[in-house]
Amino acid sequence: MKVENQEMYHFHNNECYNDLWVLDNEIIVDNNFKSNYLNILNCFTTAVNITTGGKEAFNHIINGYLKEEQDKELLIDMLKEASHIINCMNIFKREMALEEIRKQKYPQLPSRKHSIWLCDEKGIDFWKNQLSNGGDTLDLYKVLVTGNLFKSSDSFIPNNYSNYETNLSEAMQYWDPHFINEEQEQKAEYLFQGKLKILEKVK
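Given the structure is predicted, the values throughout are model-derived calculations rather than measurements.

Draft legend 1. Representation of the overall build of the protein in the model. The secondary structure content of the protein amounts to six helices and seven strands. Going residue by residue from the N terminus, the α and β elements of the protein occur as β-β-α-β-β-α-α-β-α-β-α-α-β. By its C-alpha atoms, the protein is 65 × 40 × 35 Å across when sized along the principal axes. Relative to its full complement of 203 residues, the protein shows a buried share of 40%. Look at the contacts in the protein between residues 6 or more apart in sequence, and 81% of them connect residues 24 or more apart. When the accessible surface of the protein is split by element, carbon and sulfur atoms take 49% of a total near 12300 Å².

In structure tokens, the structure reads:
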């Protein structure tokens, strides 16, 4: 939907793009804008850095270690790395499915790869918990937006445990959302393209 001078909120990860998130700054979000999810898609790999330099596929490293008995600390570190890679794989699969369905069925809607994520006031608590992961890297900003605002919900995101074919089917609900309860409304997320002005940092 088209909006003009509408107040919304954005959770900014202060580990990146800090040069943009300055009070009164205006950000133009169009198809040249690169979201964090675009970076995830472009940079995704199952390879990890190795001590001798370069990279190697993590499954090859695991297979090598399985040939010999390893200490518990090393095994725990490898499990943590494997968990991180699996999580990134799930995000990659989900985002590829969402983008494929958008291109096929809803090309008029803004791409998640080239949008800024926003929430409304009633979604602040949910998204703070959803995005924080126990860290202190998030800053909440009130923003003023004029442009194209698309509303969906975290409730309609494809499932991590689904295969890719199922994710494609699930992505239909994300791009054609039907809100039927308050929980879906509280988990609402907005994709925005247009002009965004940073009004204030919310304490």
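Draft legend 2. Looking closely at the side chain of S162. Summarising the element assignment, S162 is placed in the loop between β6 (138-153) and α5 (164-175). Of the polar contacts made by the side chain of S162, one reaches the side chain of E170; its length is 2.9 Å. Sequence-distant contacts of S162, defined by excluding residues within four places in its chain, comprise K93, N167 and E170.

Draft legend 3. Broad picture of the environment of K203. Within the element layout of this structure, K203 appears in the segment after β7 (188-202). For the pair K203 and D19, spaced 184 residues apart in the sequence, the C-alpha separation amounts to 20 Å.

Draft legend 4. Up close: the pattern of salt bridges. Applying the stated rule across the entire model yields ten salt bridges. Residues E95 and R112 are paired through a salt bridge, measuring 2.7 Å at the closest nitrogen-oxygen approach. You can see E95 sitting in helix α3 (residues 72-105) and its partner R112 sitting in the loop between α3 and β5 (116-118), a full 17 residues away along the chain. With respect to class, E95 is no different from R112; both count as buried. As a salt-bridge pair, E185 and K151 come within 2.8 Å of each other at their nearest N and O atoms. With E185 in helix α6 (residues 182-186) and K151 in strand β6, this residue pair connects regions lying 34 residues apart in the sequence.

Draft legend 5. View of the packing of helix α1 (residues 36-43) against α3. In the contact formed by α1 and α3, the axes pass within 10 Å of each other and the chain directions differ by 110°. Considering their axes alone, α1 and α3 lie roughly perpendicular with respect to each other. Of the two possible hands of crossing, α1 and α3 adopt the one that is left-handed. Across the interface between the two elements, Y37, I40 and L41 of α1 pack against I91, F92, R94, E95 and M96 of α3. A class-by-class count of the residues in the contact of α1 with α3 yields six nonpolar, no polar and two charged.

Draft legend 6. Structural view of the pairing of β7. Both strand β2 (residues 26-29) and β7 contribute to a ladder of four bridges, which runs antiparallel. Residue pairing in the sheet places E26 in a bridge with K197 of β7. Here three bridges tie β5 to β7, and the two strands are oriented antiparallel to one another. Residue pairing for β7: L118 is matched across the bridge by Y190.

Cut-offs and rules
Residues numbered from 1 in each chain as written. Predicted model: local features only at pLDDT ≥ 70, side-chain atom pairs only at ≥ 80, totals over all residues. Heavy atoms only, no water. Helix = DSSP H or I, 4+ residues; strand = E, 2+ residues; numbered from the N terminus. Buried < 20%, exposed > 50% of the residue type's maximum accessible area, 1.4 Å probe, protein only. Contact = heavy atoms within 4.5 Å. Areas by Shrake-Rupley, 256 points an atom, 1.4 Å probe, with all protein chains shown as cover. Polar contact = N/O pair within 3.5 Å; in protein donor to acceptor, adjacent residues only side chain to side chain. Salt bridge = Lys/Arg side-chain N within 4 Å of Asp/Glu carboxyl O. Axes fitted to C-alpha atoms, helices over the stretch in contact; angles between N-to-C directions. Parallel < 35°, antiparallel > 145°, perpendicular 65-115°, else oblique. Left-handed = near helix turned anticlockwise from the far one by under 90°. Nonpolar A, V, L, I, M, F, W, Y, C, P; charged D, E, K, R; others polar. Pairing = 2+ DSSP bridges.

These results come straight from atomic positions and should not be treated as a statement about function.
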